[in-house]
Amino acid sequence: MIDHVTSDTHWWHHTNILGFPSCDKFRKNLYGPKEDRESLYAMNEGMIEIWNKHVKPDDVVAHLGDFVIAYGRYMEPRVRDILEKINGKIILVGGNHDNRDTKRIFREFGHEVVDYKEINFSTGKDKVHVCMSHYPFASWNKAHHGSVMLHGHSHGSYTAPGGRILDVGWDVHGRPLTMREAVLMCLKKPIYTADHGE
């Protein structure tokens, strides 16, 4: 069972991320007063604290991509640094910034790595088919039957034409969502499909 879902944590993304309009809501307040290396550490530690407040050591988290932003010789130690500090068993649904070395390190830590994930989730009242990808889909499996689509990548900028779809990104919610609350948010939306409906 998956307990939580999030995406686009962008740990170690230096102050360039502050140029993203979505960061005004939840990320800027984690930075220090100056745009320097110390402020980056402040962001990382603030996000780790929030993560661990919501995620218990035995919880399972679907992370829908873009875990750490780091390149070259910095990538491996930075991925390891975060994985050593955060709670939970992670299912990484790879994003465009999660390269093969990132995925290798996740596997070394005992986490699961996939490109796409589907599950059946019970809210206690409803059984719901859930599709998860780093990228938002215009049409997804069983959408016409009321399934939900959880995604990241867009930092809150994607406006879906309709349907039970939700951007679960950190900059949209400021924390990992429980899978239950993400699914319930989607179930409040009308069923919409862009395909032929079969």
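So, here's what we can say about the structure. (Residues numbered from 1 in each chain as written. Predicted model: local features only at pLDDT ≥ 70, side-chain atom pairs only at ≥ 80, totals over all residues. Heavy atoms only, no water.)

A few words on the nonpolar core. Within the largest apolar cluster, 28 residues are counted, with the highest numbers of intra-cluster contacts made by Trp11 and Ile86. Broken down by secondary-structure element, the contributors of at least two residues to this core are α2 (37-54), α3 (75-83), β3 (89-93) and α4 (100-108). With five residues, α2 is the single largest residue contributor to this core. Filtering out sequence-adjacent residues up to four positions away, Ile86 remains in contact with Trp11, Ile48, Trp51, Asn52 and Phe67. Formed by 22 residues, the second largest nonpolar core is a distinct cluster that contains Val60, Leu64, Val114 and Val130. (Core = buried A, V, L, I, M, F, W, Y, C linked by side-chain atoms within 4.5 Å. Buried < 20%, exposed > 50% of the residue type's maximum accessible area, 1.4 Å probe, protein only. Helix = DSSP H or I, 4+ residues; strand = E, 2+ residues; numbered from the N terminus. Contact = heavy atoms within 4.5 Å.)

Taken in spatial order, the four strands make up an open sheet running β5-β6-β7-β8, and their pairing is mixed. Because the sheet does not close on itself, it has two edges, and the strands there are β5 (117-122) and β8 (165-167). Between one strand axis and the next, the sheet turns by 25 degrees as a mean value, whatever way the strands run. Relative to strand β6 (residues 127-132), β5 is paired through six bridges, and the arrangement is antiparallel. Along β6, the bridge assignment pairs Glu118 with Cys131. (Pairing = 2+ DSSP bridges. Axes fitted to C-alpha atoms, helices over the stretch in contact; angles between N-to-C directions.)

Just distances and angles here, no functional claims.
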